[in-house]
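An overview of the molecular structure
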Amino acid sequence: FLWYLTFLPLFLPFLSLSFTKGALMVAAWVGAQALWLKYAYELEFLGKDVRWVVWSFSVLFFLVNLWECFEVSRAYRFERPISIDGEKEERKKTE
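Rules of the game
Residues numbered from 1 in each chain as written. Predicted model: local features only at pLDDT ≥ 70, side-chain atom pairs only at ≥ 80, totals over all residues. Heavy atoms only, no water. Helix = DSSP H or I, 4+ residues; strand = E, 2+ residues; numbered from the N terminus. Buried < 20%, exposed > 50% of the residue type's maximum accessible area, 1.4 Å probe, protein only. Contact = heavy atoms within 4.5 Å. Areas by Shrake-Rupley, 256 points an atom, 1.4 Å probe, with all protein chains shown as cover. 1 Å grid on protein atoms, 1.4 Å probe; cavity = no way out; pocket = protein on both sides within 12 Å on 5 of 7 lines; lining within 4 Å. Points joined across faces, edges and corners; volume = space filled by probe spheres on them. Nonpolar A, V, L, I, M, F, W, Y, C, P; charged D, E, K, R; others polar.

Structural notes on the overall build of the protein
A tally of helices and strands in the protein yields four helices and zero strands. When the helices and strands of the protein are placed in sequence order, the string is α-α-α-α. Within the protein, the proportion of its 95 residues that are buried is 18%. For the protein, the share of sequence-separated contacts (at least 6 apart) that also reach a separation of at least 24 residues comes to 71%. Carbon and sulfur atoms provide 68% of the accessible area of the protein, an area that totals close to 7900 Å².

Laid out in structure tokens, this is it:
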């Protein structure tokens, strides 16, 4: 459940997120993940009957991931550092 974090260095420079929003997103993800892991541990290793709790926190974790994907896609601002047709644009401006 961490495979997509490998892409973070590629698009992090193009995100326009405030520090507060980024910290909230990280805290929400870590919190949802921690809740799911706690009850999954109880189900798998302690044998407690917490299947519905694990399912509930799975849904919560899924919703947190959806929210974060939405926020990242909304904050993504791609700007080319070098224009492909830079020379042509400069000529039009000078003419």
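Moving on from the coordinates now.
Some details on the layout of surface pockets
Of the pockets and cavities examined, the largest pocket occupies roughly 560 Å³. If you trace the largest pocket, you find 16 residues lining it, with L5, L8, M25, E68 and V72 closest to the centre. Elements with a minimum of two residues in the lining of the largest pocket: α1 (8-11), α2 (19-44) and α3 (51-75). Here the residues of the lining of the largest pocket sort into 13 nonpolar, two polar and one charged.

Quick look at the side chain of E71
As for its placement among the helices and strands, E71 is situated in helix α3. Apart from the residues lying within four places of it in its own chain, the contact partners of E71 are K21 and M25.

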